[in-house]
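Inside the fold
Spelled out, the chains give:
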Amino acid sequence: EAAVTQSPRNKVAVTGGKVTLSCNQTNNHNNMYWYRQDTGHGLRLIHYSYGAGSTEKGDIPDGYKASRPSQENFSLILELATPSQTSVYFCASGDWGKNTLYFGAGTRLSVL
Amino acid sequence: AQKVTQTQTSISVVEKTTVTMDCVYETRDSSYFLFWYKQTASGEIVFLIRQDSYKKENATVGHYSLNFQKPKSSIGLIITATQIEDSAVYFCAMREGPGYQNFYFGKGTSLTVIP
């Protein structure tokens, strides 16, 4: 069973603070993704990665950085968090053998 | 421009009936992949079913099936004999291929199954 683990599950941050969301996958998938989910917008792609050392911008990368130090780990970094970044963030890994995504449980972030 | 559009925001059906959820997509690629995902009340997102653009037959998995109308760029999800536990938000998604790695998602359709 594919496993994608996100931490923390819930986070409250202050405006202007730095936030790091972590994602770990044990499936040896090359591709990993960060999405945010907001009411009325569905899932929107922030950053993705093809493998260790690579990061690519998605559709809404402004205000976010990503880091892929290893095959297993993919982080999303908010250097200067703003209230508009309050959202639920999902990490996913890609299995091209089955041509699908496996999602983590999500991180609920509130920026006050 | 929205690549994947779900126009139905919410649907309610009576248990044991059949429901169809609509999705239209936009792509210039001749080869692409279409997916439906389910998000449960707990927030968990799981893969349900996939349609490859080059396949003419509609995909079926359990009580989920697809209505793939390529000329209309449409991929409907059909759930037969609905159950209470089918109540969830359903997302349509597309991956252009073979070189593209992005998945584009629609905004979702909320399904409520009434006893």
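Described in the following lines is the structure provided in the data block. What you see is a predicted model, and the numbers here were worked out from it, not measured in a lab. (Residues numbered from 1 in each chain as written. Chains lettered and ligands numbered in written order. Predicted model: local features only at pLDDT ≥ 70, side-chain atom pairs only at ≥ 80, totals over all residues. Heavy atoms only, no water.)

Attention now moves to the overall build of chain A. Scanning chain A for helices and strands turns up 0 helices and 11 strands. For 112 residues, the compact-globule estimate of 2.2 N^0.38 gives 13 Å, and the C-alpha radius of gyration of chain A, at 13 Å, lies within 12% of that figure. Expressed along its principal axes, the backbone C-alpha trace of chain A runs to roughly 40 × 30 × 25 Å. A burial count over chain A gives 54% of its 112 residues as buried. Across chain A, contacts joining residues at least 24 apart in sequence account for 53% of those joining residues at least 6 apart. (Helix = DSSP H or I, 4+ residues; strand = E, 2+ residues; numbered from the N terminus. Rg over C-alpha atoms; globule rule 2.2 N^0.38 Å. Buried < 20%, exposed > 50% of the residue type's maximum accessible area, 1.4 Å probe, protein only. Contact = heavy atoms within 4.5 Å.)

On to the pattern of salt bridges, then. Side-chain pairing between opposite charges can occur once the charged atoms of the two side chains come close. Residues and elements named next belong to chain A. If you walk through the whole model with that rule in mind, you get 6 salt bridges over all chains. The partner of aspartate 38 in a salt bridge is arginine 36, with the nearest N and O atoms 2.8 Å apart. The two residues aspartate 38 and arginine 36 agree in class, both being buried. Bridged by salt links that share partners, the residues Arg36, Asp38 and Arg44 form one connected network. (Salt bridge = Lys/Arg side-chain N within 4 Å of Asp/Glu carboxyl O.)

Remark: the centre distance and the inter-plane angle together describe each pair of aromatic rings, the angle taken between the planes. Evaluation of the coordinates by the stated rule reveals 18 aromatic pairs over all chains. Ring centres of A:Tyr33 and B:Phe103 lie 6.1 Å apart, and the angle between their planes is 85 degrees; on these two criteria the pair is classed as edge-to-face. Here B:Phe103 lies in the loop between strand 10 (88–96) and strand 11 (104–105) and A:Tyr33 lies in strand 4 (residues 31–38), a pairing that spans two chains. Grouping residues by exposure puts A:Tyr33 and B:Phe103 together as buried. Taken together, the aromatic side chains of A:Tyr33, A:Tyr35, A:Tyr48, A:Tyr50, A:Phe90, A:Phe103, B:Phe35, B:Tyr37, B:Phe47, B:Phe91, B:Phe103 and B:Phe105 make up a single cluster linked through ring pairs. A cation over a ring is seen here: B:Lys3 above B:Tyr104, with NZ or CZ 5.3 Å from the ring centre. (Phe/Tyr/Trp six-rings, centres within 6.5 Å; stacked < 30°, edge-to-face > 60°. Lys NZ or Arg CZ within 6 Å of the ring centre and 35° of its normal.)

Moving on, we get to the state of the cysteines. Residues and elements named next belong to chain A. A complete count under the given rule lists 2 disulfides over all chains for this structure. Between the sulfur atoms of cysteine 23 and its disulfide partner cysteine 91 the distance amounts to 1.9 Å. Taking the sign of the S-S torsion, -80 degrees for the link of cysteine 23 and cysteine 91, the bridge is left-handed. On the criterion of sequence distance, the pair formed by cysteine 23 in strand 3 (residues 19–25) and cysteine 91 in strand 9 (residues 87–95) is long-range, its members being 68 residues apart. (Disulfide = S-S within 2.5 Å.)

This paragraph deals with the sheet that holds strand 7 (residues 65–67) of chain A. Residues and elements named next belong to chain A. Read across the open sheet, the 4 strands follow the order 1-3-8-7; overall the sheet is antiparallel. Two strands bound the open sheet, and with one partner strand each, they are strand 1 (4–7) and strand 7. Sheet twist, expressed as the mean angle between neighbouring strand axes with direction ignored, is 20 degrees. Sheet topology places strand 7 next to strand 8 (residues 73–78); 3 bridges connect them, and they run antiparallel. In the sheet register, alanine 66 faces strand 8, and the bridge partner there is leucine 76. (Pairing = 2+ DSSP bridges. Axes fitted to C-alpha atoms, helices over the stretch in contact; angles between N-to-C directions.)

With that settled, the discussion passes to the side chain of A:Ser87. Residues and elements named next belong to chain A. With respect to the helices and strands, serine 87 occurs in strand 9. You can call serine 87 buried: its relative accessible area is 6%. Among the polar contacts listed, one links the side chain of serine 87 to the side chain of arginine 36, at a separation of 3.5 Å. Not counting residues within four places of it along the chain, the set of residues in contact with serine 87 comprises Arg36, Gln37, Asp38, Thr107, Arg108 and Leu109. (Polar contact = N/O pair within 3.5 Å; in protein donor to acceptor, adjacent residues only side chain to side chain.)

With that out of the way, let us pick up the interface of chain B and chain A. Taken together, the contacts link 18 residues of chain B with 19 residues of chain A. Here chain B and chain A share 0 salt bridges between them. On inspection of chain B and its partner chain A, the count reaches 6 residue pairs in polar contact (both at pLDDT 80 or more). Looking at the side of chain B that touches chain A, the elements with two or more residues in it are strand 5 (32–39), strand 6 (45–52), strand 10 and strand 11 of chain B.

To continue, consider the environment of A:Thr86. All names here are of chain A. Positionally, threonine 86 belongs in the loop between strand 8 and strand 9. Judged by its relative accessible area of 33%, threonine 86 is partly exposed. Linking threonine 86 and serine 54, residues 32 residues apart in sequence, is a C-alpha distance of 26 Å. In contact with threonine 86, other than residues within four places in its own chain, are Arg36, Asp38, Leu109, Ser110 and Val111. At 2.9 Å, the side chain of threonine 86 forms a polar contact with the backbone nitrogen of valine 111.

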